[in-house]
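Architecture and fold: a report
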Amino acid sequence: MTHVFSRLPRDLPGADIRIIGPRSAGKTAFLASLARWSNARFDTPIQSVHPFDENAGKLVAIANDILENGLAMAPTRADEDGNTLPRYTLLIERKPALFQKRNIRLQVSFREYAGEIIRDLCGGSSGINMRNYLDDCAISSGLLLLIDGTSREDSLYAQAFARLQLELNERFVSRNKSLKSYRIATVFSKAEQAQVWIHRHDMKKFVNLRFPQTKETLKIWSKTWGCSVNYFFCSSFGMKGNPPSPNVKVQARDSGGTYGVIANPSVWRPFGLFAPIFWLHTGKDDRRLREIEE
Ligand SMILES: Nc1nc2c(ncn2[C@@H]2O[C@H](COP(=O)(O)OP(=O)(O)O)[C@@H](O)[C@H]2O)c(=O)[nH]1
Ligand SMILES: [Mg+2]
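Let me sum up the structure you'll find in this document. Only a predicted model underlies this, so the values are computations on that prediction, with no experimental measurement involved.

How each quantity is defined
Residues numbered from 1 in each chain as written. Chains lettered and ligands numbered in written order. Predicted model: local features only at pLDDT ≥ 70, side-chain atom pairs only at ≥ 80, totals over all residues. Helix = DSSP H or I, 4+ residues; strand = E, 2+ residues; numbered from the N terminus. Rg over C-alpha atoms; globule rule 2.2 N^0.38 Å. Buried ≥ 20, exposed ≤ 12 C-beta atoms within 10 Å, placed from the backbone. Contact = placed C-beta atoms within 7 Å. Core = buried A, V, L, I, M, F, W, Y, C linked by C-beta atoms within 7 Å. Near = placed C-beta within 6 Å. Nonpolar A, V, L, I, M, F, W, Y, C, P; charged D, E, K, R; others polar. Pairing = 2+ DSSP bridges.

1. Digging into the overall build of the protein
Of regular secondary structure, the protein possesses 11 helices and 12 strands. For 294 residues, the compact-globule estimate of 2.2 N^0.38 gives 19 Å, and the protein sits close to it at 18 Å. Taken along its principal axes, the extent of the C-alpha atoms in the protein is 55 × 45 × 35 Å. Within the span of the protein, comprising 294 residues, buried residues form 39% of the whole. The contacts in the protein between residues at least 6 apart in sequence include a share of 78% that link residues at least 24 apart.

See below:
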């Protein structure tokens, strides 16, 4: 019996993450692909992903019905007041790291904010209740900023995140929450697109070229708080074939980024989704979770 028990996964304390990014950054696709986690490689460090609540079950349904049928996703409703936004909870189990015997299990909840918040942080007024969003954000355990890697709106994001820092600062200080221990994962989505893919091994160069102002804002943020900021690439749709090409039927492009649907659902294999989540939770940058298959 001891033998059996010793193999039970070790539970990490729960995580509660907020995903913030402009409209169409791929936030819903990120969550749906995570929940669906299709065609995993046999040697992936991840053991399993299970929906933990009803909302997460809906994500799987979104993934199945919408992505696999090649339909585009409906935008996240913008009229939400921020209090009633759904929380999606997943149970993620990962295989033992080197020299460890047991799997590790993480129960992680997410809330995805309407993309309108980015413009509102820059002085817009889309009608969302930004105060509610920000109050909710201030109780999260970590922040995942999701940016379409193909977008060209660096200065907008820089401005929005600078304001976000000020707003959260106020709330954290009044709650006596530690600023130092906070982590911000900045994730560039749609990294299967050529203009991001060519930089996949050189994040620094990519950020300096495409998002210098955002980088500067986040540098100031991390200095001011003494907190950690880290950068990641991901793709909810991934690559297909050999030689690999983006598994995406692109429908439109503009300065906001790339819009499209999955090209071949049967070989759908996202990449880069787990690395920011585990980093946000543990502060450890796991190279294996960052690996991009070519
Ligand atoms: N190329 C590409 N397109 C994506 C990816 N993820 C989402 N999209 C597309 O980006 C658009 C917006 O996605 P969605 O998840 O609704 O964005 P949200 O508004 O941030 O929730 C849709 O056209 C998606 O099909 C991805 O990994 N690669
Ligand atoms: Mg959405």
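There's plenty left to go through after this.
2. Some words on the nonpolar core
Core analysis: the biggest nonpolar cluster contains 66 residues, and Ala35, Ile117, Leu144 and Leu145 have the highest contact counts within it. When residues no more than four places from it in sequence are discounted, the contact partners of Leu144 are Ile17, Arg18, Ile19, Ala185, Val187, Pro276 and Leu280.

3. Considering the environment of Arg253
Inspection of the secondary structure assignment puts Arg253 in strand S11 (residues 248-254). Spatially, the C-alpha atom of Arg253 lies 16 Å from that of Arg210, the residues being 43 residues apart in sequence.

4. Thoughts on the site of ligand 1
Of all residues adjacent to ligand 1, which total 25 residues, the nearest are Gly26, Lys27, Thr28, Ala29 and Ser236. Looking at the shell around ligand 1, the elements that each hand over two or more residues are helix H2 (27-36) and strand S12 (257-262). The biggest single contributor to the shell around ligand 1 is S12, with 4 residues. In terms of residue class, the shell around ligand 1 is built from 9 nonpolar, 12 polar and 4 charged.

5. Points about the environment of Leu144
Tracing the backbone through its elements, the reader meets Leu144 in strand S6 (residues 142-148). The sequence separation of Leu144 and Ile19 amounts to 125 residues, and the corresponding C-alpha distance is 4.8 Å.

6. Focus: the pairing of S6
In terms of burial, S6 is largely enclosed, as 7 of its 7 residues are buried. Of the two faces of S6, the one carrying Gly142, Leu144, Leu146 and Asp148 and the one carrying Leu143, Leu145 and Ile147 are both buried. Bridge analysis of S6 against strand S7 (residues 183-189) gives 6 bridges, and the strand direction is parallel. If you follow Asp148 over to S7, its bridge partner there is Ser189.

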